[in-house]
Each structure stands twice: as structure tokens, then as C-alpha cells.
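Coordinate inspection notes
Below are the chains, spelled out letter by letter.
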Amino acid sequence: MATSRPTRRLYALFGLISTLVGMGVGHLTASLLTPDSSPVLAVGSGVIDRTPVSLKEWAIKNFESDGFSIGPIDFAARNYDKIVLVGSVFVGVLVLALVAGLLARRSFALGAGLLVVLVAVAAGAVLTRPIVEPLDVVPSILTALAGVGALWWLHRTALGLPLDPRARSSVEVAKAEGARAAAADRTGEPTVDRLSEGHVDAPADADADTRPSRRGVLVVAAVLTASAAVLGGAGRWIIGLRGRPEDIALPEPTAGGALKPLPEGLEARIKGITPLQVANGDFYRVDTRLDTPVVSSDDWTLTVDGDVENELTITFEELLDMPMVERDITLTCVSNSVGGKYVGGARWLGVPLMDILDKAGIGRGADQMIATDFDGMTIGTPIDLLRDGREPLLCVGMNGEPLPREHGFPVRVVVPGLYGFISATKWVTRLTMTTYADTESYWTERSWDTRAPIKPSARIDTPRALTTVDAGKVNVGGVAWAQDNGGVMKVQVKVDGGDWADAQLGPDVNNVYWRQWFREIEVEGGQHTISARVVDGDGELQTDVKAAPFPGGSSGIHSFFFTAAS
């Protein structure tokens, strides 16, 4: 009886399992070295970098989320656009892994070769990052070795072959013994000596008895699958462990730099309105990272160079010793669509950025500050906008706590009134004075605007779009901002195409901070339309011209339907 050949489905599964094992080993290794060297994260970041702007906008618009629940478990709001973009690539990798398994059924070398090619692509993504260390390639090498090794084990087990290619399988031994016994019988030589020498005659159904068992293949597959899960989970756990907040005592603001506590916001009275001050854990996060960078304050330094009179290098301790101020500032991401969630108000603690730049002495020819993070990500800011009185900060604290790692610990840049893509560099380590003619930053290379003041806008938080409320009196409320236009003077509301009516405003913190607002309306049962707009401090109406986020921020009136049930 001939040994049955493993099925295509089985080998496709082998390719999938082997790829997952390699990914688990690579991710775990990267967690012990540098998380950014993980082949998984490197490919994901490369995908984000190379995704066309139109596709990014589509993903942001369609997958922006406030969070969701599955049974009793609540999931916080996240950037699901990243998950969708990278997830689609991950699915593609898994499909190629299935192909690698199928190729291995025909020729192990072909299947292993495809796995190596996949890892080579990941290694290329690692090595093309702006800042690369020699050890960064180690996770990719181990990924390839682990993936090919796992495929080798599964392949040999499925064929009933020993893992050592120099050894013969039990089938081959049995066949050889059977042949020797048959030859001895023909020549009349005794066969009993074979027993004393540890040999056995091959039974008639040797192939059937010695071919690999289904149970053995499944056991190896299960062991490798569990190993992949454990390795990947361990990598995530180690990264999380390394990412715990550092125990840092923030300095007190200097005389005149401290602020009074914020007044009570409308959220205490109007259900559904975003809090006046957004908690750190709820504050939106938008960046090109798939992980949370772990940067040690002990190793952190800031270099100020380029077209300056005095090049500076500042340690974290030296920064903490500088005069600190508190400022209430609302940040807004250029990716924020009309009515979107990528905006938030917080209290920031930091050193006035211009104090440091004045100490360095900006050259007369410089018109751009390039801020670089620990991994080479660059953001360009017009120097004249830093000098116009808007008080940019090098921040070390957020809402009375050290900066969370996901928001830039140990130090980030915050510039009031400018979208984050031209100002809000997280994990910053270098400030270079240069010109737009000489240097392009990450976003300007991708054709986004170089000057992008935040556009005034009003957002409706309650009622929610397409929801149902009780007919009668309904509180319509939300937040509005006009950071670069003199603050919020008015917010106006329109119901069912009627006239614009003024809303009541919440506390006025400052011109670069948002304001809450609400208006009580009365509606009958049925479907209704609600709209809101802001009037800025200069008395100008928010534009009703619709614009996409690319290249300089979205615009238009936030408007949607809701239903009143009688």
C-alpha cells in the first residue's frame, strides 16, 4: 500500500501556521530590542506611509469611531482607519502564506523561498526607516528562520520523515529490512540473526503501519499554532510593560505661569456634551505609529541645530529646570472631518518654545523649523507663525500628569491654532532651522499644505446623528472652536431649514480653547434636520463651503438627521 500524500488544504494550513510562528518570533525579539524593528509593525507603517491620500481620507471618514461594545465589554474609541488599512495588507500576507504552503507540497524549497521573500520585504521596510540600528535587522532574520523551520517540521512530519534529513524514516527502514529478508530467503541464508541484531522483518502492510498518523500531524500543528500565539502575546506584553509611565515629578509652573482650575463645564448639566477638559485616556490620538513608542527620559536629549548662532543640546533634567508655564489649548488634527472626533481640549505644561529658539539664535535666512522625532519622523512649521505671539510650547505635562507615552512622552511640541501635522511633533528630539526651499518634511513630501491654521467649526455632540429621541423639548449641544480666529463669539443652530438661532455658550477659557454650547429646541414626532455653525471672534461666519481634509483641513457645516418619537 502506498503512503497517502498530504492534502492541499493541509499544506495551505502549514504555510499559514509557519508564517504566524515567524511573525510571533520576530515580534517577541523586537520587543526585547526595539519595537520599531518588528517586521509586522515595519510593514504596517510602510503601508500607512505609502497609502494614497484619497484612500486614507476614505478610511478615516468611514472608520472613525467613538467606541463600541460587545456584550459587557466596552471598547474605547480608536483609529480604526489604521486597522482597516493595515488589516487589508495582513490579509494579503496570509493569502501568500497559504500559497507558500501549497508550493511546499510540490517542492519544499519553493514554499520556503516564498516565506523568505515575504520576510525580505519586511526587512526592507525596517531598513528604510529614517533611523536604523544594526540590531534592527535581527528580528527579521529570526522571523525567516522560525517560519522556514516551522514549515520544515510540518512538512517532514506530514511525510513521516525524521527531522534530521540524514536519518532514514521508519518506512524506509522497514522497506530495507523487508528487502534484505527476501534476499536472504532466496539465497537460503538464515534470518534469525537479524532479530539478535535488532532488525525486524517488514510486515506485508509496512507502509500502512509506519506512515505518519493524522494525530501526529495535528499535534505538531497545534503546538506551533499555540507557540505563535504565545510568542506574539509575549511580545505585546513586553512592549506594554516597557511602556508603563515613568515616575516623574513634574515641576511647578513659575510665577505667573500657573492657571486657575477650569470652570465647571456644561457636561454637568447637558448629557452627551464632550467635557470641557478631555481626560488623557480619552484624548484623541492620530499619528503614523502602529505601536506606542517607548522613549526613556534618561536617554532623551533635544538638539537645536541648522541655521542657528548657537547649537544646543538639552537633557530632560535640564529642560525640567527651565521656567515652566501652563496653557489651556485645543488641538485639532487636519484629518478631522466636519463633525469629527479628532479634536480635544487639555491643559499643557511646558517650556515656552521661543525661549529655547531665542537662546539658539535663529538665522535670518531660516523660514521653517523641522521638528524630528526619535525615529526620524519630521514635521515642518513656518517660523513666522511661531513668532506671532501664539506661545508654542515644549510640553512635558498634560492635564496635571506627565505626558502619556501615546501623546509624546517625554517631550512634544504644541502650537496653538495650527493643525497638528505642521506643529504637534510627539517624541521630539531635534529642532532644525532651515528653509522650505532646502527641506521637505514628511507631510509636505506628500503634498499637504505648509501653512495650515485651524479652520473654525462647530460640532454637534447631542443628539447623535440618525438616533431617536423623545418628541418635545430636546437639548442640542456640542463644542465649537476658532483657535486662530479670535476664539468663539457665537454658536448658531438651525432646525429643519428654519432661521439660525443663537445658542447658549459655556465657559470662555481663552481664544485658543474650544467652547461648549447648547440650545433647547422643541420638536414633534418624525424626522428632523439639525445644523450648527460658529461665529468667530472677528465676527466672521464659519464657511459653508465643503472641503475635504486634504490638503489643508476640512470645512463645511455639521448637519444631520435625527428622529423624534412621539
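All of the points below concern the structure found in this document. These figures come from a predicted structure and were not determined experimentally. (Residues numbered from 1 in each chain as written. Predicted model: local features only at pLDDT ≥ 70, side-chain atom pairs only at ≥ 80, totals over all residues. Heavy atoms only, no water.)

A separate point is the packing of aromatic side chains. Both the distance between ring centres and the angle between the ring planes are used here to describe each pair of aromatic rings. One pass over the structure, following the stated rule, counts twelve aromatic pairs. One aromatic cluster is present, formed by Phe421, Tyr442, Trp443, Trp448 and Phe550 through successive ring pairs. Of note, Arg446 hangs over the ring of Tyr442, and the distance from its end group to the ring centre comes to 3.7 Å. (Phe/Tyr/Trp six-rings, centres within 6.5 Å; stacked < 30°, edge-to-face > 60°. Lys NZ or Arg CZ within 6 Å of the ring centre and 35° of its normal.)

Here the focus is the sheet that holds strand β17 (residues 501-502). Spatially, β14-β21-β20-β16-β17 is the arrangement adopted by the five strands of the open sheet, whose pairing is mixed. The open sheet has two edge strands, β14 (468-470) and β17, and neither has a second partner. Strand direction decides the pairing type here: strand β16 (residues 488-495) and strand β20 (residues 526-536), joined by seven bridges, are antiparallel. Across the sheet, Val495 pairs through a bridge with Ile530, a residue of β20. (Pairing = 2+ DSSP bridges. Helix = DSSP H or I, 4+ residues; strand = E, 2+ residues; numbered from the N terminus.)

To continue, consider helix α12 (residues 353-360). Because an α-helix packs 3.6 residues into every turn, residues spaced three or four apart end up facing the same way. Every buried residue belonging to α12 is among Leu353, Met354, Ile356, Leu357 and Ala360, and all of these are buried. Down the axis of α12, the sector holding all buried residues measures 155°, keeping them to one side. Seen from the open side of α12, the exposed residues pointing more than 90 degrees away from its buried face are Asp358 and Lys359. Two residues or fewer past α12, Gly361 is found with a positive phi of approximately 80°. (Buried < 20%, exposed > 50% of the residue type's maximum accessible area, 1.4 Å probe, protein only. Arc of directions from axis to C-beta.)

Before going further, it helps to examine the pattern of salt bridges. One pass over the full model with this rule turns up 15 salt bridges. With a shortest N-O distance of 3.7 Å, Arg405 and Glu246 are connected by a salt bridge. A residue pair is termed long-range when its members are at least 10 positions apart, and Arg405 in the loop between β10 (401-402) and β11 (412-414) and Glu246 in the loop between α10 (214-242) and β3 (301-306) qualify at 159 residues. The exposure class assigned to Glu246 is partly exposed, which follows from its relative accessible area of 22%. Within this structure, Arg285, Asp287 and Lys426 form a network of salt bridges that share partners. (Salt bridge = Lys/Arg side-chain N within 4 Å of Asp/Glu carboxyl O.)

The values reported here are purely geometric and, on their own, carry no functional implication.
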